[in-house]
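Spelled out, the chains give:
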Amino acid sequence: MTTRETNMPTTTEAVGARADTIFHGHQDAIYRRVDKLFVVLMLVQWAFAIGLALVFSPYGWAGKVKATHLHVYAAVLLGGAITSLPLLLAWRRPGSVATRHVIACAQMLWSALLIHLSGGRIETHFHVFGSLAFLAFYRDWKVLVPATLVVALDHLVRQIYWPESVYGVTNPEWWRFLEHAFWVAFEDVVLVLACLRGVAELRTISQRQAQVEQLERDKSVALDEALVDLKRSHEARLRSEKLAAVGQLAASVGHELRNPLTAVRNANTYISRRLNDPKTAGAGAAAADPKVLQFVGLIDRELTACTKIIGDLLDFARERPPDLQPCPLRPLIDEAVALLPAHRARVRNEVPEALPVPSLDKDQFRQILINLLQNAVEAARPDREGEVVVTAEGGGDGRPWRLCVADDGAGIPPEVVDKIFEPLFTTKIKGTGLGLAVVANVVRLHGGTIHVDSRPGEGTRVVIELPLAAGQQAA
Amino acid sequence: MRPFRVLVVDDESALRLTVAANLELEGLEVVEAASGEEALALAVAQPFDLVLTDVRMPGMSGVELYRRLREARSDVPVVLMTAFALEALIEQAVQEGAFAVLPKPFDVQDVLPVLIRAMRRPLVLVIDDQALLAETAAAALAASGVRAAAVTDAASALRVVGEGNVDVCVVDLVMPDVSGAELVARIRAADPTIACIAMSGHDVPEMMRRVAASGAFTVLQKPVPISALQRVIAAARARPARGQRPG
């Protein structure tokens, strides 16, 4: 909040500047629009003047020597002369000060011409008032100044030299000019007030618009800041969750390592005591103890178990993109089966020899097959030999590969089936809870999906579906 | 004298085998059981001097085994092995009088003194000049399965220690005839394997420092709940021999 307060003056200045910009934008738009209006108006007046000259002038000038065709010429030529410069300026310099002042003068000359063509009819003088009103559309009172001067000058000069042209009579009263000037001045006052009011309103509107814009901007900025905050706290939460998960993982793996390490340490103690015992001294005597040999083997097995635990952890922690190579499934499954630890189940590899070859990361896939097969054989029920069947299909005719590992074991209780792919979740007494988490990760990295269908007491089917371009899009 | 008989219980055969082999090498008679159920049947049917059991096993856990043994009126000492440092189960077993808890991984050679100590069924000696306090504490320990005795003066304490079957002394620091630090030093001189747990009713940092320097296992400020005392006794009993291997 403090920052915002210190920013206040700058913000006000910015709003003022923006309001000016908006105001001038509106003004310019008005100037250009009214310029266009006058272009149309003048062309209409020109056509009207020619028509007027053709139809009306002879009667307006009845009894005089003026010839009809002269008025027509005047209408065409003078009208053209009056119209041409404003047209040119409105085309080349729309909205400029010069353009609208020239237009103002030209419009008043049009009044003069029309008054002349109508034989100085008093009704035609209303054209002057109409024109001034039109000019007020500019909302720029200054254009009324040259317009008024032109009207006044025209009336003055013509009253002196050619009164019929402007009043329709040859001897108007000397103050006739003043009477007209008074009404023009009266309208000018009204129009100047209207212009000033219009400009003031325009300013108010611009000011409000700028304020609204500023408000919108402030709101957007606040919203954006809120979103940034949200993102930051989300990231912080993710980080702390990840840290917590890593902590749990470390604890879990640490605990898992303690059992094999205890066995290895005690086996090692036993062997070294046997070797150093003065009564049974000598490697030969120690070798005669069957336990020494047994424990050497045991150390090897337990160290392998430690390696496996660490390997699981690394597989999980280091999520590398799959290195895709064409890899036939049937031999890969044979390899995985050969690497399974001792178990009480029969594993049948029923993957067809002729199955199309998918692109896989061989090491990753062998690992997940081992994890799945190990779960399958461990699920074997105690009362009978388990049977695990691996099947596969698809891979041709635009169909995805479907690899299925099915067992007839104990099944997964429905209340835990949703959790089995979560890291650290395990139902085994000895297990890191990483095996299926690794499986899920690898399948995901290959762009595939994994489904589990399990019936407690009857068995479990795990189905991996790989898209045709297996993994191609995954990296 | 017949050799000590130990029942080793763990579902991990590798761990069970190696621990058993080392105990046999020490001249103990070892019987192995792969589950809590099997161990319970064996312990009820045959005499044992010690049950050394894992905590986490499929089926009956080590703690459950301990309880079932107590229910079967067996007073065989039980030492638990665990890979998990903080487990509510273990805490409960200690409250119920389990002798000690060994954190894995351990080397049988290092923890052998703990096992030998357990098999001797040693006494916890409570020394406090206020007889009521001393006897209440001893009775509370005995009620939860810890063999305990109470004395009210330094001379009696040293006499009982001299009989050779005390492994933990709970010493009140404020005694009329001798300072707490000196009593601890004299007990340790009589039997260096004894762990002294010193207790004080007041916040006396300097005295506590001296007592710790004279070889006390730990110093507690009264009032000490009996459960906390049991936890400290079990920890004192599980301490390995001097020269424990690092890590």
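Residues numbered from 1 in each chain as written. Chains lettered and ligands numbered in written order. Predicted model: local features only at pLDDT ≥ 70, side-chain atom pairs only at ≥ 80, totals over all residues.

A. Inspection of the sheet that holds strand β2 (residues 345-349) of chain A at higher detail. All names here are of chain A. Here we have five strands laid out as an open sheet, ordered β2-β4-β5-β7-β6, and mixed in their pairing. Either end of the sheet is taken by a strand with one partner, and the two such strands are β2 and β6 (449-455). Going across the sheet, the axis of each strand differs from the next one's by a mean of 15°, ignoring polarity. Sitting on the sheet, helix α12 (residues 329-338) is in contact with β2, β4 (386-393) and β5 (401-407), with an inclination near 165° to β2. (Pairing = 2+ DSSP bridges. Helix = DSSP H or I, 4+ residues; strand = E, 2+ residues; numbered from the N terminus. Axes fitted to C-alpha atoms, helices over the stretch in contact; angles between N-to-C directions. Contact = placed C-beta atoms within 7 Å.)

B. Spotlight on the environment of S96(A). With respect to the helices and strands, S96(A) occurs in the loop between α4 (68-92) and α5 (97-117). Of the residues examined, S96(A) has 16 C-beta atoms within 10 Å and is grouped as partly exposed. (Buried ≥ 20, exposed ≤ 12 C-beta atoms within 10 Å, placed from the backbone.)

C. Looking closely at helix α6 (residues 126-136) of chain A. Among the residues making up α6(A), those that are buried are V128(A), S131(A), L132(A), L135(A) and A136(A). Taken end-on, α6(A) shows its buried residues confined to a sector of 145°, consistent with a single buried face. (Arc of directions from axis to C-beta.)

D. How the structure looks around the nonpolar core. Counting residues in hydrophobic clusters, the biggest one holds 94 residues, and the most contacted among them are V51(B), V170(B) and V171(B). Per-element tally for this core: the top contributor is helix α1 (residues 13-25) of chain B, with seven residues. In contact with V51(B), not counting residues within four places along its chain, are L7(B), V9(B), A39(B), A43(B), L69(B), V76(B) and V78(B). Grouped together as the second largest cluster of nonpolar side chains are 38 residues, V34(A), A106(A), I115(A) and V184(A) included. (Core = buried A, V, L, I, M, F, W, Y, C linked by C-beta atoms within 7 Å.)

E. Main features of the environment of A133(A). Following the sequence through the fold, A133(A) ends up in helix α6. Taking the C-alpha atoms as reference points, A133(A) and E187(A), 54 residues apart in sequence, are found 8.4 Å from one another.

As far as function goes, none of this settles anything; it's purely spatial.
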